[in-house]
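Coordinates in review
Next come the chains, spelled out residue by residue.
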Number of protein chains: 2
Amino acid sequence: MKNFSIAKSRRLRSTPYTSRIEKQGVTAYTIYNHMLLPAAFGSIEDGYNHLKEHVQVWDVSAERQVEISGKDSAKLVQLMTCRDLSKSKVGRCYYCPIIDDAGNLVNDPVVLKIAEDKWWISIADSDVIFFAKGLASGHKFNVKIIEPTVDIIAIQGPKSFSLMEKVLGKKITELKFFGFDYFDFKGTKHLIARSGWSKQGGFEVYVQNAAAGQKLYDHLFEAGKEFNVKPGCPNLIERIESALLSYGNDFDNNDNPFECGFDQYVSLDSEVNFLGKEKLKKIKLEGIKKKLMGVKIEAKEISLPTSKKIYDENNTLIGELRSATYSPQFKQVIGIAMIKTPFWNTSTFFKIEINKKSYDGRICSLSFT
Amino acid sequence: MKNFSIAKSRRLRSTPYTSRIEKQGVTAYTIYNHMLLPAAFGSIEDGYNHLKEHVQVWDVSAERQVEISGKDSAKLVQLMTCRDLSKSKVGRCYYCPIIDDAGNLVNDPVVLKIAEDKWWISIADSDVIFFAKGLASGHKFNVKIIEPTVDIIAIQGPKSFSLMEKVLGKKITELKFFGFDYFDFKGTKHLIARSGWSKQGGFEVYVQNAAAGQKLYDHLFEAGKEFNVKPGCPNLIERIESALLSYGNDFDNNDNPFECGFDQYVSLDSEVNFLGKEKLKKIKLEGIKKKLMGVKIEAKEISLPTSKKIYDENNTLIGELRSATYSPQFKQVIGIAMIKTPFWNTSTFFKIEINKKSYDGRICSLSFT
């Protein structure tokens, strides 16, 4: 794939760590929530191998927060997600698909319950703040909605636990998955969650004070030398192998949560009120007409700058390949595709053209088994 | 400024013209409404000189539409903008700041009145669709809100009139500024407006059929040879010299329309109901505390990947430079800055550091006079 430069401007916001990662060798960016998100430090495969064995520090400031506070905040947050939050607890993170009136996805954030009347919605790449503001205005909810200054540093990889214990003390190792608490580093308290956009384990530091965050960022590299720490970023290979879905890549506002396999987060039998609830009941009753599936392709490389239609052996359009990569684990190309009924049967075979050569592919589960 | 690649993926949507502009020599992209928007074909200054003398064809598909139709569509569109649309006419475009409950800007689109009950909001870079969906849901408006498949081709530059007359016939020359009508090209009717994001004159073709749009795109280059047609894109130099403001660059959701000089589009004395009206009345009464102004700097070059604080001669922070370029017309660097009161007095001088050298600057009007 040919390389094109990114034309920087204030609109593609820099982060408190941008000058650091540029000295550390970032080579490619993507844009996420109108902000620079590093996409590569040289080879993606080198980054993948390192992430699975050691520890990386990521500038994921682009994972912006929508802060909803005030008397009606719980009501508004619940209205936006199909997941029942009535038993949610302060200090916990919740993966919450956000749904519109049509039952389609608006975003798939992690929601942090900061207090009974204060929530952070840690968003994927769409302007949830304007959805929330529109709803709050229409319903005359008593809420305050802002994008707070929060610039997340993620520490990911199997050695992230040792590094974080060294830097922040034993207590951080007691944090449960998707739990968060406050930890002191050189006089600044940081909200830290055990979370992150990889399956290699790790933490996310919700930095609210840029100077303190930069100090922590630098210290993580100092203290991390013995763990072979490197700068990194969400890794295309690792995230596809781990079936971590990406809003905008694998699904968008034309897809509903059942089509994306989010069934466990759709609380249709609950008492809570959320947008699209009746519509989703109807969809569940009638059945879905397309579904996100894994694919395996007998090829050794692929670059997918945009989606690609997939045809079966009879030349029938069966779906659309939305993300793909060569997988060192499976020793072939794997990907995520939206497949039409009835073709999502995992035995469906197809042909696909990559670089003008035809390859065999087959549909499998999202875990590539 | 160091170059970084853009990491392409489905989330950064391609357009029907992407493969064409990549063959034609696009060198840099920006991301706008989650879509690729070309930012350079080689030298920006060459593009500027060509645009001011000849004609260019631009892939501005990233200028997405939010289509609002149905019984309550006029009510919803009016609710979102501070501009009085009660006398608006079908077939006309309206520059309409979109405002939230706090009186701050959400976007600054051009609104096309397609029919009494159908509107296209031709948006700058923020997800207006979710603001509209939130408001419609909260107010229980009877509307349908979609992002239609519309991929705009802009034809810009002084020779755009001759080129469009050659391709579409004499009738297109009768189109008034910010008017639109339907024109046939090889059997497909295209909505064409006399508009575009330059001050060199031109048209925007709202392409709804990708194949027909590609045919038109190719034909414009064939027919345009005699007018020295070239591929192009919104040009940083031309747009700053022309004081065409950019949402996200020059202003954002932390700024209100008075701070951006949009006073003529704020219909506080009208009868119409829109978000933030009372708040804007209060702001007008109390006066604004910051204002977008032009700046001139005694330097011959600048690259501004992000905003830059500006201090006056006494080292007092007076504002923030948000966009800047070397201007061939003014033979110095010019820019757009948000300046605090009382420093927006156009005689204010300041010092600014560019590439570790200090330069003299002064504040001027947005038209750089």
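Residues numbered from 1 in each chain as written. Chains lettered and ligands numbered in written order. Predicted model: local features only at pLDDT ≥ 70, side-chain atom pairs only at ≥ 80, totals over all residues. Heavy atoms only, no water.

Here's the deal with the overall build of chain A
Helices and strands together make up the secondary structure of chain A, namely 8 helices and 22 strands. At 21 Å, chain A has a C-alpha radius of gyration in line with the 21 Å of a compact globule built from 369 residues. Projected onto the principal axes, the alpha-carbon positions of chain A cover approximately 65 × 50 × 40 Å. Taken across its 369 residues, chain A has 61% of its residues classed as buried. (Helix = DSSP H or I, 4+ residues; strand = E, 2+ residues; numbered from the N terminus. Rg over C-alpha atoms; globule rule 2.2 N^0.38 Å. Buried < 20%, exposed > 50% of the residue type's maximum accessible area, 1.4 Å probe, protein only.)

Details of empty space enclosed by the protein
Applying the stated rule across the entire model yields 1 cavity of 30 Å³ or more. In this structure, the largest cavity encloses a volume near 70 Å³. Lining of the largest cavity is provided by A:Leu12, A:Ile31, A:Tyr32, A:Asn33, A:His34, A:Asp125, B:Leu12, B:Ile31, B:Asn33, B:His34 and B:Asp125. Residues that form the lining of the largest cavity fall into these classes: 5 nonpolar, 4 polar and 2 charged. (1 Å grid on protein atoms, 1.4 Å probe; cavity = no way out; pocket = protein on both sides within 12 Å on 5 of 7 lines; lining within 4 Å. Points joined across faces, edges and corners; volume = space filled by probe spheres on them. Nonpolar A, V, L, I, M, F, W, Y, C, P; charged D, E, K, R; others polar.)

Notes on the sheet that holds strand β9 (residues 110-115) of chain B
Residue and element names in this part refer to chain B. The antiparallel open sheet is built from 5 strands, whose spatial order is β6-β9-β10-β5-β11. In this open sheet, the two edge strands, each paired with only one partner strand, are β6 (93-95) and β11 (144-146). Averaged over all neighbouring strand pairs, the angle between strand axes comes to 20°, with direction disregarded. Relative to β9, β6 runs antiparallel, the two being bridged by 3 bridges. (Pairing = 2+ DSSP bridges. Axes fitted to C-alpha atoms, helices over the stretch in contact; angles between N-to-C directions.)

Points about the packing of aromatic side chains
Following the criterion strictly, the structure yields 26 aromatic pairs over all chains and no others. Their ring planes at 70° and their centres at 6.1 Å tell us that A:Phe130 and B:Phe131 sit as a pair that is edge-to-face. Here A:Phe130 is found in helix α4 (residues 128-139), whereas its partner B:Phe131 is found in helix α4 (residues 128-139) on a different chain. The same class applies to A:Phe130 as to B:Phe131, namely buried. Members of the aromatic cluster, each reached through a chain of ring pairs, are A:Tyr95, A:Tyr247, A:Phe251, A:Phe262 and A:Tyr265. (Phe/Tyr/Trp six-rings, centres within 6.5 Å; stacked < 30°, edge-to-face > 60°.)

Things to note about the relation of the copies chain B and chain A
Each copy of the sequence occupies a distinct position, and chain B is placed on chain A by a rotation of 180° and an axial shift of 0.0 Å, giving an RMSD of 0.0 Å. Look at the turn and shift together and you get a two-fold axis relating the two. Most of the interface of chain B is mirrored in chain A: 100% of its interface residues are interface residues there too. (Least-squares fit on C-alpha atoms with pLDDT ≥ 70 in both. Contact = heavy atoms within 4.5 Å.)

What about the side chain of B:Asp100?
Looking at the secondary structure, you find B:Asp100 in the loop between β7 (98-99) and β8 (105-107). Of the residues examined, B:Asp100 reaches a relative accessible area of 1% and is grouped as buried. Among the polar contacts made by the side chain of B:Asp100, one reaches the side chain of A:Lys133 at a distance of 2.8 Å. (Polar contact = N/O pair within 3.5 Å; in protein donor to acceptor, adjacent residues only side chain to side chain.)

Concerning the packing of helix α3 (residues 73-80) of chain A against α4(A)
Residues and elements named next belong to chain A. With their axes 11 Å apart at the nearest point, α3 and α4 run at an angle of 120° to one another. On the basis of the axis angle, α3 is oblique to α4. Considering how the two elements wind past one another, α3 and α4 form a crossing that is right-handed. In this structure, α3 uses Leu76, Leu79 and Met80 to contact α4, whose residues at the interface are Phe131, Ala132, Leu135, Ala136 and His139. When its residues are assigned to classes, the contact of α3 with α4 shows 7 nonpolar, 1 polar and no charged. (Parallel < 35°, antiparallel > 145°, perpendicular 65-115°, else oblique. Left-handed = near helix turned anticlockwise from the far one by under 90°.)

Structural notes on the interface of chain B and chain A
Facing 52 residues of chain B, the contacting portion of chain A comprises 52 residues. Both sides together, the interface formed by chain B and chain A hides about 4,600 Å², and carbon and sulfur atoms give 50% of it. Of all residues in chain B, B:Phe4, B:Arg10 and B:Arg11 give up the largest surface area on contact with chain A, accounting jointly for 21% of the area buried on that side. One can count 8 salt bridges joining chain B with chain A. For B:Arg11, the salt bridge is made with A:Asp125, and the minimal N-O distance between the two is 2.9 Å. Linking chain B with chain A are 33 residue pairs in polar contact (both at pLDDT 80 or more). At 8 residues, α4(B) tops the list of elements feeding residues into the side of chain B that touches chain A. Here the side of chain B that touches chain A is composed, by residue class, of 20 nonpolar, 18 polar and 14 charged. Relative to strand β2 (residues 28-32) of chain B, strand β1 (residues 5-6) of chain A runs parallel, the two being bridged by 2 bridges. (Buried area = accessible area lost by both parts, 1.4 Å probe. Salt bridge = Lys/Arg side-chain N within 4 Å of Asp/Glu carboxyl O.)

Notes on the pairing of strand β19 (residues 317-327) of chain A
Residues and elements named next belong to chain A. In terms of burial, β19 is a largely internal element, 8 of the 11 residues being buried. Taken together, the 8 bridges between β19 and strand β20 (residues 332-340) define a ladder with antiparallel strand orientation. Paired with Leu321 across the two strands is Ala337, which belongs to β20. In textbook terms, the turn of a hairpin is the stretch between consecutive antiparallel strands, and for β19 and β20 this stretch comprises 4 residues, one of which, Lys331, has a positive phi near 55°.

Regarding the pattern of salt bridges
A complete count under the given rule lists 46 salt bridges over all chains for this structure. Note that B:Glu226 is salt-bridged to B:Lys166, the shortest N-O span being 2.7 Å. In this pair, B:Glu226 sits in the loop between α6 (210-223) and β16 (230-232) while B:Lys166 sits in helix α5 (residues 160-168), placing the two residues 60 residues apart along the sequence. A relative accessible area of 56% means that B:Glu226 is categorised as exposed. Taking the relative accessible area as the measure of exposure, B:Lys166 reaches 45% and is therefore partly exposed. Via salt bridges that share partners, A:Arg10, B:Asp252, B:Asp255, B:Glu259, B:Lys290, B:Glu320 and B:Arg322 belong to a single interconnected network.

Observations concerning the domain arrangement of chain A
All names here are of chain A. Looking at chain A, the domain boundaries give domain 1 (18-63 + 150-240) and domain 2 (289-369). A straight line from the C-alpha centre of domain 1 to that of domain 2 covers 32 Å. Summed over both sides, the interface between domain 1 and domain 2 buries roughly 670 Å², with carbon and sulfur atoms accounting for 64% of that surface. Scanning the region where domain 1 abuts domain 2 turns up 0 salt bridges. Between the two partners, domain 1 and domain 2, sit 1 residue pair in polar contact (both at pLDDT 80 or more). Breaking the side of domain 1 that touches domain 2 down by element, the ones donating at least two residues are α2 (44-53) and α7 (236-241). No other element matches the 4 residues that α7 contributes to the side of domain 1 that touches domain 2. The class makeup of the residues in the side of domain 1 that touches domain 2 is 4 nonpolar, no polar and 3 charged. (Domains from an automatic or database assignment.)

What to know about the sheet that holds strand β6 (residues 93-95) of chain A
All names here are of chain A. Taken in spatial order, the 5 strands of this open sheet run β6-β9-β10-β5-β11, and their pairing is antiparallel. Edge strands, defined here as strands with exactly one partner in the open sheet, are β6 and β11 (144-146). Direction aside, neighbouring strands of the sheet carry axes that sit 20° apart on average. Of the strand pairs in this sheet, strand β5 (residues 65-69) and strand β10 (residues 118-122) are connected by 5 bridges, and their pairing is antiparallel. Within β10, the position partnered with Val66 by the bridge is Ile121. Contacts from α4 reach β5 and β11, with the element oriented near 160° to β11.

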